[in-house]
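A structural walkthrough
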Amino acid sequence: MKIIIVGPGAMGCLFAAFLSKSGESVFLLDKNSKRAEGIGKRGICVEREKNSLMVRGINIVTGNKEAYGAELIIIAVKSYDTEEAVKGVLNLVGKESLVLTLQNGLGNIDMICKYVPRCRVIAGVTAEGATLLGEGHVRHAGRGETSIGKISTNKNSKIDSRLSEIARIFNKAGFKTKISADVKKLIWSKLIINTGINALTAITGLRNGKLIEFEYIRQVMKEAVSEAVRVARENKIKLNYPNSLKMTESVCRSTAKNVSSMLQDVLKKRPTEIDFINGSVVKEGRKLGIPTPVNTVLT
């Protein structure tokens, strides 16, 4: 399958490396020509606990027409760069291209749908963990399930068939992937977990597992998650977990040594995705008349 991955960050490089290694035709799109040249020469290095993986020969492009007509375009930039990234890739979108977002937070789907027909946009979440150590250098920080699905409720056997093919390709590459019929549930369920973890790690400087070692931090986590759950329920969103707080604490334990993406951004003095995570809970709460004081303060 011909695949464009937009953004050479942690997740972009991780997916590019494994999909390329499994035999897919992968184009990694980078707006920075100097960085693209460097990654193109060195390849992508993925560090893992037991062994490292070096993948060379990946097509690194900055808008090359050779990437036109890809069957799948994966948006792998930070949420605040989504609109610019989609506008920048429109000249590479073919008539049959599907656009996939696995990004964190709310709002990415709507931004993509401003430029791409809704029937050709697919979305999902991934629990794969990745830390960017340098240009084209990633630590595979944890394994987890990836779920994808179409956002349009219209029946379309062609899209369904292509979703199955994408899931097959992801599984072949080593990403445990399934298809979901309820993408909103996926995104909100992950959003709530991120609401309880990311901002707190970024503010305290702690790794995920340390958050639950301090009672006062656990209390803030509990209140932030409770607000987000209430907003989700008022929005008629069915969540994956009966107890979102327990699930959030479980994720802290299972990713104890992980440096969250938001803490990575703070440490590197980059913008964060706070407006698309805790900030989106505040925004949705205002629409519904639901107070969200803890998420407001965290944001």
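Keep in mind it's a predicted model, so treat the numbers as computed, not measured.

What follows concerns unusual backbone geometry. Look at K236: it is not a glycine, yet its phi comes out positive at around 65 degrees. Among the secondary structure elements, K236 is positioned in the loop between α7 (215–234) and α8 (244–254). On the accessibility criterion, K236 (73% relative accessible area) is exposed.

Time to look at the pairing of strand β8 (residues 121–126). Of all six residues making up β8, six are buried, and the element is well covered by its neighbours. Here β8 shows no split at all, with V121, A123 and V125 on one side and I122, G124 and T126 on the other all buried. Sheet topology places strand β7 (residues 98–101) next to β8; three bridges connect them, and they run parallel. Bridge pairing in β8 places L100 opposite I122. As a crossover connection, the stretch from β7 through helix α4 (residues 108–113) into β8 is right-handed. In the sheet, β8 pairs with strand β11 (residues 146–150) via five bridges, with the strands oriented antiparallel. What sits directly across from I122, in β11, is K150.

The next thing to look at is helix α10 (residues 278–288). Among all positions in α10, only N278, G279, S280, V281, V282, E284 and G285 are buried. Structurally, α10 contributes buried residues whose contacts are with α6 (183–204), α7 and α11 (293–298). Count one or two residues on from α10 and you reach G289, which has phi positive near 75 degrees.

In this section: the sheet that holds strand β10 (residues 137–142). Consider a sheet: its strands pair through backbone hydrogen bonds, and that pairing is either parallel or antiparallel. Across the sheet, which stays open at both edges, the four strands sit in the order β4-β3-β10-β9 with mixed pairing between neighbours. This sheet does not close on itself; its edge strands, each paired only once, are β4 (53–55) and β9 (129–134). The sheet shows a mean angle of 25 degrees between the axes of neighbouring strands, direction not considered. In terms of strand pairing, β9 meets β10 through five bridges, oriented antiparallel. Paired with G134 across the two strands is H137, which belongs to β10.

A few words now on the packing of α6 against α10. The contact between α6 and α10 brings their axes to 9 Å, and the two run at 120 degrees. Between α6 and α10, the angle is such that the two are oblique. On α10, the residues touching W188, L191, T195 and A199 of α6 are N278, S280, V281 and E284. Partitioning the contact of α6 with α10 into residue classes produces four nonpolar, three polar and one charged.

This part is about the confidence of the model for the protein chain. Considering every residue of the protein chain, the mean pLDDT works out to 92; 100% of them sit at 70 or more. Looking across the protein chain, the model is least confident in strand β5 (residues 59–61), with a mean pLDDT of 87, and most confident in α11, with 98.

All chains considered together, the criterion is met by five aromatic pairs. Judged by centre distance (4.1 Å) and plane angle (15 degrees), the rings of F15 and F175 are stacked. Placement of F15 in helix α1 (residues 10–21) and of F175 in the loop between α5 (157–173) and β12 (177–179) is noted, with a sequence separation of 160 residues between them. Judged by relative accessible area, which is 3%, F15 ranks as buried. Here F18 and F175 contribute two aromatic rings whose centre-to-centre distance is 5.6 Å and whose plane-to-plane angle is 70 degrees, an arrangement assigned as edge-to-face. A residue pair is termed long-range when its members are at least 10 positions apart, and F18 in helix α1 and F175 in the loop between α5 and β12 qualify at 157 residues. F175 carries the same exposure label as F18, and that label is buried.

We now examine α7. Relative to the 28 Å expected for 20 residues at 1.5 Å per residue, α7 spans 29 Å between its end C-alpha atoms, a close match to the ideal helical length. Every buried residue belonging to α7 is among I217, M221, A224, V225, E227, A228, V229, V231 and A232, and all of these are buried. Where α7 is buried, its residues touch α6, α8, α10 and α11. Where α7 ends, the next residue or the one after it, K236, has phi of about 65 degrees, a positive value.

Thresholds applied
- Residues numbered from 1 in each chain as written.
- Predicted model: local features only at pLDDT ≥ 70, side-chain atom pairs only at ≥ 80, totals over all residues.
- Heavy atoms only, no water.
- Helix = DSSP H or I, 4+ residues; strand = E, 2+ residues; numbered from the N terminus.
- Buried < 20%, exposed > 50% of the residue type's maximum accessible area, 1.4 Å probe, protein only.
- Pairing = 2+ DSSP bridges.
- Right-handed = clockwise from strand over helix to strand, strands pointing away.
- Contact = heavy atoms within 4.5 Å.
- Axes fitted to C-alpha atoms, helices over the stretch in contact; angles between N-to-C directions.
- Parallel < 35°, antiparallel > 145°, perpendicular 65-115°, else oblique.
- Nonpolar A, V, L, I, M, F, W, Y, C, P; charged D, E, K, R; others polar.
- pLDDT = per-residue confidence, 0-100.
- Phe/Tyr/Trp six-rings, centres within 6.5 Å; stacked < 30°, edge-to-face > 60°.
- Expected span 1.5 Å × (residues − 1).

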